Amino acid sequence: MAETPESTQETMNPPAQSGTPAGALKAWFIAEVLPLEQALMQYLQHNWRHTADVSDLRQEIYVRVYEAAKKQIPHPAKPFLFTVARNLLIDHFRRARIVPIDGVADLDSIDIASDTPGPDRSLIARDELRRLQAALDRLPPRCREAVILRQVEGLSRREIAARMNITEKTVKNHLNDGVNLLIDILSEAES
Amino acid sequence: MKDQSAKHIQARATEYLLEQRDNNHWGKAEQAELAQWLAQSPAHEIAYWRAEEGLRRTELLAALRTPARENKNAPMRPPRASRDLWSIFGRAAAALLMIAILAAGTHLFMTPDEGQYFATPIGGRQTITLPDGSRIELNTNTALRAVVNSGQRIIHLEKGEAYFKVEHDEKRPFTVYAAGGKVVDLGTEFLVRNTSDQLEVALFEGRAEFDTNGRPGPQRRAMLAPGNVVLASNQSVDLIKEDSKTIAARIGWRRGLLIFNNTTLAEAAAEFNRYNREKITIVDEKTASREIYGTFQADNAALFARLARDAFGFKIERKGEEILIR
């Protein structure tokens, strides 16, 4: 199985300055914020039809949420995240002096106040599996092969290189590209 | 000028993460460099978390090895040395059994033919080759008696599940008795499963005749074609047709796999429990009725439980030999 070592991760969190301990911040961010990424991307894509890459907007939102959570972790996460997103969009609209007629109306249409649990967890899980498979199928063939050999078969770089008859450096590049693409595809809004 | 676009930062973070995990020469200096990069900006740190989380999510891919994917001619599944080894072991085992059967045959003339007894323990799997060349694969916790001589070929499936690949012989019909029912082959591959409350027969190739043969419940005789499945209980006898994917899932165990398609968690747990001493218990009814899908290693109940936790959001708890899912 593609077990990954967990031991090295804990040592690299910068020490907490004040408020939320770094470990708790990270745990919260991964458990509460990242799972909302797909919904967030959908919201951003729907409301921001500007040229800038929405991934830059997402980064900005995440940093704002991070800074706030460093002082105190907001509960629940969802309304907070979407309020930050909404405020950021409004800032950008002002700065860009554009008034997206349908956009502004929509900013409030998302039900950010409620923290309903959303769809059935098992549906999410099924979705997750389908999405993973679909995401994998969208990778370039060599990239996909390398990712599968690493994640499914648990092979090392050297073994993958031997199996695919390419250099370790190429394996490394395939894996970098593959994992990056996977992360992006997984966070894409469903069309 | 440094590129601070999200895409660039993400690529960098992913590269660091993979380098840290994959590069054998990763040491203190590299770790310090990463720590410094992470400390430069929350954006760096968040991107690194995204990479970690993305990589963790793809661990689920192990559960996605569906038969459809394996059948694709794409180079999805490289050949595995271990499989080849198994088939060598399998052949050796079959040869030994042949010798055992031949040895047993010498005194068969003296006594009424009770046949050979074969059994597998929980989690076991065994392939036997009969003197006529027919092969039987026994699944977990299965017992059968094979009476094969110059005049007849009769199998009594006493419990469990077995896959039959029969060499056709006009003079000696191949008959399987299970739970009171009877299957007579006409040159086929078929599966017989004897559960506590029903008899299941699935036909994969060729033709065979199914006969309830006086077993408890409604009576029925039917000629089976590929894709046909008979489900006989004390209350009913159903003859259904399954598509190739559904019927193939029934014999995932021949490769050590459990294949679930819209299977309830309760059914999935019951399947795992057939193969493992460690038993999975679903605590409440609502969880038990949740449907899941995926392909799993039959002998790895712990991995299944972990996936149930990580992907499906259930809680798991260990109690000795028991894994509770709620």
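Use the structure listed above.
Residues numbered from 1 in each chain as written. Chains lettered and ligands numbered in written order. Predicted model: local features only at pLDDT ≥ 70, side-chain atom pairs only at ≥ 80, totals over all residues. Heavy atoms only, no water.

## Quick notes on the overall build of chain B
What chain B contains, in helices and strands, is nine helices and 18 strands. Long-range contacts, defined as pairs at least 24 residues apart, comprise 47% of the intrachain contacts of chain B with a sequence gap of at least 6. Here chain B displays about 15900 Å² of accessible surface, and carbon together with sulfur accounts for 53% of that area. (Helix = DSSP H or I, 4+ residues; strand = E, 2+ residues; numbered from the N terminus. Contact = heavy atoms within 4.5 Å. Areas by Shrake-Rupley, 256 points an atom, 1.4 Å probe, with all protein chains shown as cover.)

## Observations concerning the environment of E19 of chain B
Residue placement: E19 of chain B occurs in helix α1 (residues 6–22). With relative accessibility at 17%, the residue E19 of chain B sits in the buried group. Considering only alpha carbons, one finds E19 of chain B and E30 of chain B, eleven residues apart in sequence, at a separation of 9.2 Å. Residues in contact with E19 of chain B, not counting those within four places in the same chain, are R157 and K172 of chain A together with W26 of chain B. (Buried < 20%, exposed > 50% of the residue type's maximum accessible area, 1.4 Å probe, protein only.)

## Describing the pairing of strand β16 (residues 291–297) of chain B
All names here are of chain B. Among the seven residues of β16, five are classified as buried, and the element is accordingly described as predominantly covered. Relative to β16, strand β14 (residues 257–264) runs antiparallel, the two being bridged by six bridges. Across the sheet, the residue bridging to T263 is I292, located in β16. (Pairing = 2+ DSSP bridges.)

## Digging into the packing of aromatic side chains
Across all of its chains, the model carries 15 aromatic pairs over all chains by this definition. Taken together, a centroid distance of 5.3 Å and an interplanar angle of 80 degrees make the contact between F29 of chain A and Y62 of chain A edge-to-face. Of the two residues, F29 of chain A sits in helix α1 (residues 22–33) while Y62 of chain A sits in helix α3 (residues 54–71), which places them 33 residues apart along the sequence. Y62 of chain A matches F29 of chain A in its accessibility class, with the two residues each being buried. For the ring pair Y66 of chain A and W49 of chain B, a centre distance of 5.8 Å and an interplane angle of 35 degrees mean the geometry is tilted. With Y66 of chain A in helix α3 and W49 of chain B in helix α3 (residues 42–57), the pair connects residues from two separate chains. You'll find Y66 of chain A and W49 of chain B in the same group, each marked buried. One aromatic cluster is present, built from ring pairs that chain together W28, F29, Y62 and Y66 of chain A together with W49 of chain B. One cation-aromatic arrangement involves R254 of chain B over Y163 of chain B; the distance from NZ or CZ to the ring centre is 3.8 Å. (Phe/Tyr/Trp six-rings, centres within 6.5 Å; stacked < 30°, edge-to-face > 60°. Lys NZ or Arg CZ within 6 Å of the ring centre and 35° of its normal.)

## Digging into the environment of L132 of chain A
All names here are of chain A. Along the polypeptide, L132 turns up in helix α6 (residues 121–137). L132 sits in the buried class, given a relative accessible area of 0%. Along the chain, L132 and L182 lie 50 residues apart, while their C-alpha atoms are 8.1 Å from each other.

## Focus: the nonpolar core
All names here are of chain A. By size, the foremost hydrophobic cluster in this structure holds 65 residues, and its most contacted members are W28, F29, L44, I61 and L81. Looking at this core element by element, the count peaks at eight residues for helix α4 (residues 77–96). Among all residues touching W28, those that are not within four sequence positions of it are V33, V65, A69, I73, P74, H75 and A77. (Core = buried A, V, L, I, M, F, W, Y, C linked by side-chain atoms within 4.5 Å.)

## Points about the pairing of strand β10 (residues 208–211) of chain B
Residues and elements named next belong to chain B. Where strand β7 (residues 181–185) and β10 come together, four bridges link them in antiparallel fashion. Paired with V183 across the bridge in β10 is F210. In this sheet, strand β11 (residues 221–224) lies alongside β10 in antiparallel orientation, the contact comprising four bridges. Bridge pairing in β11 links F210 to A222.

## Points about the sheet that holds strand β18 (residues 322–325) of chain B
All names here are of chain B. Pairing is mixed in the open sheet, where three strands are placed in the order β15-β18-β17. The sheet terminates laterally at β15 (279–282) and β17 (316–319), the two strands that pair on one side only. Neighbour to neighbour, the strand axes of the sheet diverge by 25 degrees on average, direction disregarded. Against the sheet, helix α7 (residues 265–275) touches β15 and β18, its axis set at about 165 degrees to β15. (Axes fitted to C-alpha atoms, helices over the stretch in contact; angles between N-to-C directions.)

## A few points about the environment of F296 of chain B
Counting through the fold element by element, F296 of chain B comes out in strand β16. The spatial distance from the C-alpha of F296 of chain B to the C-alpha of G256 of chain B is 8.6 Å, given a sequence separation of 40 residues.

## As for helix α8 (residues 157–164) of chain A
An α-helical segment advances 3.6 residues per turn. Residues three or four places apart therefore align on the same side. Within α8 of chain A, burial applies to R157, I160, A161 and M164 of chain A. Seen along its axis, α8 of chain A keeps its buried residues to an arc of 100 degrees; they face one direction. Those residues of α8 of chain A that are exposed and angled more than 90 degrees off the buried face are R158 and A162 of chain A. Where the residues of α8 of chain A are buried, they touch α7 (141–151) and α9 (168–187) of chain A together with α1 of chain B. (Arc of directions from axis to C-beta.)

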